[in-house]
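# Fold and contact review
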Amino acid sequence: MATEKVFPMTLDGKAKLENELQELKTVKRKEVVERIKIARSFGDLSENSEYDSAKDEQAFVEGRITTIENMIRNAQIIDAAESHNGLVTLGNTVTFVELPDGEEETYTIVGSAEADPFEGKISNDSPIAKGLLGHKEGEEVTIQTPAGDMNVKIEKITAS
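Now for a look at the structure at hand. (Residues numbered from 1 in each chain as written. Predicted model: local features only at pLDDT ≥ 70, side-chain atom pairs only at ≥ 80, totals over all residues. Heavy atoms only, no water.)

### As for the overall build of the protein
Counting secondary structure elements, the protein contains four helices and seven strands. Shown N-terminal to C-terminal, the secondary structure of the protein runs as helices and strands in the order β-α-α-β-α-β-β-β-α-β-β. For the protein, the C-alpha radius of gyration of 21 Å lies well beyond 15 Å, the compact-globule estimate for 160 residues. Along the first, second and third principal axes, the C-alpha set of the protein runs to 70 × 35 × 30 Å. Relative to its full complement of 160 residues, the protein shows a buried share of 36%. Pairs at least 24 apart in sequence give 50% of the contacts found in the protein among residues at least 6 apart. One way to put it: in the protein the 18 positive side-chain charges average out to a point 8 Å from where the 31 negative ones average out. (Helix = DSSP H or I, 4+ residues; strand = E, 2+ residues; numbered from the N terminus. Rg over C-alpha atoms; globule rule 2.2 N^0.38 Å. Buried < 20%, exposed > 50% of the residue type's maximum accessible area, 1.4 Å probe, protein only. Contact = heavy atoms within 4.5 Å. Lys, Arg positive; Asp, Glu negative; His and termini not counted. Charge placed at Lys NZ, Arg CZ, Asp CG, Glu CD.)

Here you go:
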């Protein structure tokens, strides 16, 4: 039997998924069913684009519900404060400076389930996170990215 994939995430990340799941089940699912009902009333389903669109949306919503339920069921809660031992670990917020130009960047390293680069949350599977994990403040690190090597100096590590 195959083992289920574990989804590392923070408590906040799990709560966001639970809220999204609740919204999908109680609001979105009902909206889609109503759209299907209305589209059916238009008659011939073989050439009914509203019906096709509503059925596609229903498939997406049901797929997303299944995905989120699986992620929540297999969530591994990460407590960055507990595991923070001076090294970059999952759940930490890391500030580093790109060398030699000195551009400062700050990211929180999270599991892939809650990654959102626009909020400064990067997946532990990303090249930057992989390059930072296990290193400590003041350390200079070479990170291998698809665009080439990036040299950084870790300025600050905080538990999120």
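### Description of the environment of T10
When you line up the elements, T10 lands in the loop between β1 (7-9) and α1 (11-40). For T10 and S160, which are 150 residues apart along the polypeptide, the C-alpha to C-alpha distance reads 8.9 Å.

### Describing the layout of surface pockets
Its boundaries defined by the atoms lining it, the largest pocket holds a volume of some 170 Å³. If you go around the largest pocket, the residues you meet are G13, K16, L17, E20, R64, S112, A113, E114, A115, D116, E119 and K121. A total of four residues in the lining of the largest pocket trace back to one element, the largest contributor, which is α1. Among the residues making up the lining of the largest pocket, the classes are represented as three nonpolar, two polar and seven charged. When residues of the lining of the largest pocket are sorted by domain, at least three fall in each of domain 1 (7-77) and domain 2 (80-159). (1 Å grid on protein atoms, 1.4 Å probe; cavity = no way out; pocket = protein on both sides within 12 Å on 5 of 7 lines; lining within 4 Å. Points joined across faces, edges and corners; volume = space filled by probe spheres on them. Nonpolar A, V, L, I, M, F, W, Y, C, P; charged D, E, K, R; others polar. Domains from an automatic or database assignment.)

### So, the pairing of strand β3 (residues 92-99)
Of all eight residues in β3, seven are buried; the element is thus mostly enclosed. Bridge count between β3 and strand β7 (residues 148-159): eight bridges; the pairing is antiparallel. Within the sheet, the bridge partner assigned to T95 lies in β7 and is K156. As defined by bridge partners, β3 adjoins strand β4 (residues 104-110) across five bridges and the pair is classed as antiparallel. Within the sheet, the bridge partner assigned to T95 lies in β4 and is T106. Where β3 folds back on β4, the antiparallel hairpin that results is connected by four residues, among which G102 adopts a positive phi of roughly 85°. (Pairing = 2+ DSSP bridges.)

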